[in-house]
Amino acid sequence: MMNHQQKFCLSLEEAEYISKLISDDSSFRESLCSSPEIREGRGTLTLDHAQAEWMRDSFTDRLARVGLDEDYKPNEEGAMLEGLTDKLFLPEWPTR
């Protein structure tokens with residue numbers, strides 16, 4: 001099976017947020033080394049299925065750690081993480 005990639009369009013804020021994660025977190029840096037567009041501040045991110053799933057899982061974990069206020073409602077970062085998690089979801093990926 002071929003390794004298909006999907007291009008995701010990001011807002012400027014989303015691109016800046018992911019760029020900050022890449023510079024601050026070595027696991028993001030390593031996982032996204034093949035996606036130079038985001039590091040250059042562009043508004044797109046090209047991922048294969050495994051990368052998208054890894055990012056969704058990472059965003060969900062981060063949301064639980066830093067994205068909720070004392071009432072368990074999303075704070076500003078939590079809202080960003082929820083939006084990115086939703087954006088990276090594709091119900092069906094190409095199989096050819």
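Model, not experiment: these values are computed from the prediction.

Visitor: When you look at the overall build of the protein in this model, what are you seeing that I'm missing?
Guide: When its secondary structure is counted, the protein shows five helices and two strands. Sequence-ordered secondary structure for the protein, helices as α and strands as β, is β-α-α-α-β-α-α. By residue count, 34% of the 96 residues in the protein fall in the buried class. Look at the contacts in the protein between residues 6 or more apart in sequence, and 62% of them connect residues 24 or more apart. By element, 50% of the accessible surface of the protein is carried by carbon and sulfur atoms, the whole surface being about 6,200 Å².

Each value, and the rule that gives it
- Residues numbered from 1 in each chain as written.
- Predicted model: local features only at pLDDT ≥ 70, side-chain atom pairs only at ≥ 80, totals over all residues.
- Heavy atoms only, no water.
- Helix = DSSP H or I, 4+ residues; strand = E, 2+ residues; numbered from the N terminus.
- Buried < 20%, exposed > 50% of the residue type's maximum accessible area, 1.4 Å probe, protein only.
- Contact = heavy atoms within 4.5 Å.
- Areas by Shrake-Rupley, 256 points an atom, 1.4 Å probe, with all protein chains shown as cover.

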